[in-house]
Amino acid sequence: DGLFDEGWSARDIAIVTTNHRHPVQVERQQQGRDAYWDSYWDDSDIFYSHVKSFKGLERPVVIVAIDGWQRPELAREYLYVALSRARDLLIVCGSASDLEAAGGPALVRAVRQH
């Protein structure tokens with residue numbers, strides 16, 4: 001709600017997860033591959049994705065929901081992809097331990113400062 005209060009619209013926002021797919025993503029994917037990807041271009045709603053699917057895509061606002069790592073050996077790569085998708089505003093949500101496991105203590109300090 002705070003993002004909407006600041007003037008962002010739903011079409012500006014993507015929520016990207018690092019382990020489990022968001023329930024909205026699961027629901028949209030059940031409607032078929034084309035329907036799911038059509039939702040990326042839909043101007044009326046937030047786009048939901050797993051970091052693996054969001055590689056190469058972007059949005060003005062990206063909320064990264066760090067909910068563990070599907071493949072811990074690729075955590076650093078997934079984290080890089082997730083953190084580099086926002087054009088204007090990046091919001092990182094999750095435990096410091098999951099963030100540190102992928103990016104180290106310096107990244108945790110940097111995220112906490114902003």
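The structure reproduced in this document is the subject of the present report.

What follows covers the packing of helix α5 (residues 75-83) against helix α6 (residues 96-103). Where α5 meets α6, the closest approach of the two axes is 7 Å, and the angle between their N-to-C directions is 105°. Considering the angle they form, α5 stands roughly perpendicular to α6. Taking contact as the criterion, the partners of A75, R76 and L79 in α5 are, on α6, L99, A102 and G103. When its residues are assigned to classes, the contact of α5 with α6 shows four nonpolar, one polar and one charged.

All right, on to the pattern of salt bridges then. This model, assessed by the stated rule, comprises four salt bridges. Where R71 meets E73, a salt bridge forms, and the shortest distance between an N and an O atom there is 3.0 Å. Take R71: its relative accessible area is 40%, and that puts it in the partly exposed class. Judged by relative accessible area, E73 falls into the exposed class, the value being 57%.

Turning to the environment of S9, a few remarks are in order. As for its position among the elements, S9 is in the loop between α1 (2-5) and β1 (13-17). Along the sequence, S9 and D45 sit 36 residues apart, while their C-alpha atoms lie 8.3 Å from each other.

Okay, the packing of aromatic side chains next. Within this structure, the stated rule accounts for six aromatic pairs. Ring centres of W37 and F47 lie 5.8 Å apart, and the angle between their planes is 35°; on these two criteria the pair is classed as tilted. Separated by ten residues along the polypeptide, W37 in helix α3 (residues 33-41) and F47 in strand β2 (residues 47-50) bring together distant segments of the chain. Counting every residue linked through ring pairs, the aromatic cluster contains Y36, W37, Y40, W41, F47 and F54. Above the face of the Y40 ring, R59 is positioned so that its terminal group lies 4.4 Å from the ring centre.

The buried count for β1 comes to five of five residues, which makes it a mostly enclosed element. The alternating pattern of β1 places I13, I15 and T17 and A14 and V16 on opposite faces, both of which are buried. The pairing of β1 with strand β3 (residues 59-66) spans five bridges and is classified as parallel. Within the sheet, the bridge partner assigned to T17 lies in β3 and is A65. Note: β1 against β2, four bridges, orientation parallel. Across the sheet, the residue bridging to I15 is Y48, located in β2.

Buried within α3 are the following residues: Y36, S39 and Y40. All buried residues of α3 project into a common sector of 110° when viewed along the axis, lining one side. Of the exposed residues in α3, those oriented more than 90 degrees away from the buried face are D34, D38 and W41. Considering only its buried residues, α3 is in contact with α2 (23-30), β2, α4 (51-54) and β3.

Thresholds applied
Residues numbered from 1 in each chain as written. Predicted model: local features only at pLDDT ≥ 70, side-chain atom pairs only at ≥ 80, totals over all residues. Heavy atoms only, no water. Axes fitted to C-alpha atoms, helices over the stretch in contact; angles between N-to-C directions. Helix = DSSP H or I, 4+ residues; strand = E, 2+ residues; numbered from the N terminus. Parallel < 35°, antiparallel > 145°, perpendicular 65-115°, else oblique. Contact = heavy atoms within 4.5 Å. Nonpolar A, V, L, I, M, F, W, Y, C, P; charged D, E, K, R; others polar. Salt bridge = Lys/Arg side-chain N within 4 Å of Asp/Glu carboxyl O. Buried < 20%, exposed > 50% of the residue type's maximum accessible area, 1.4 Å probe, protein only. Phe/Tyr/Trp six-rings, centres within 6.5 Å; stacked < 30°, edge-to-face > 60°. Lys NZ or Arg CZ within 6 Å of the ring centre and 35° of its normal. Pairing = 2+ DSSP bridges. Arc of directions from axis to C-beta.

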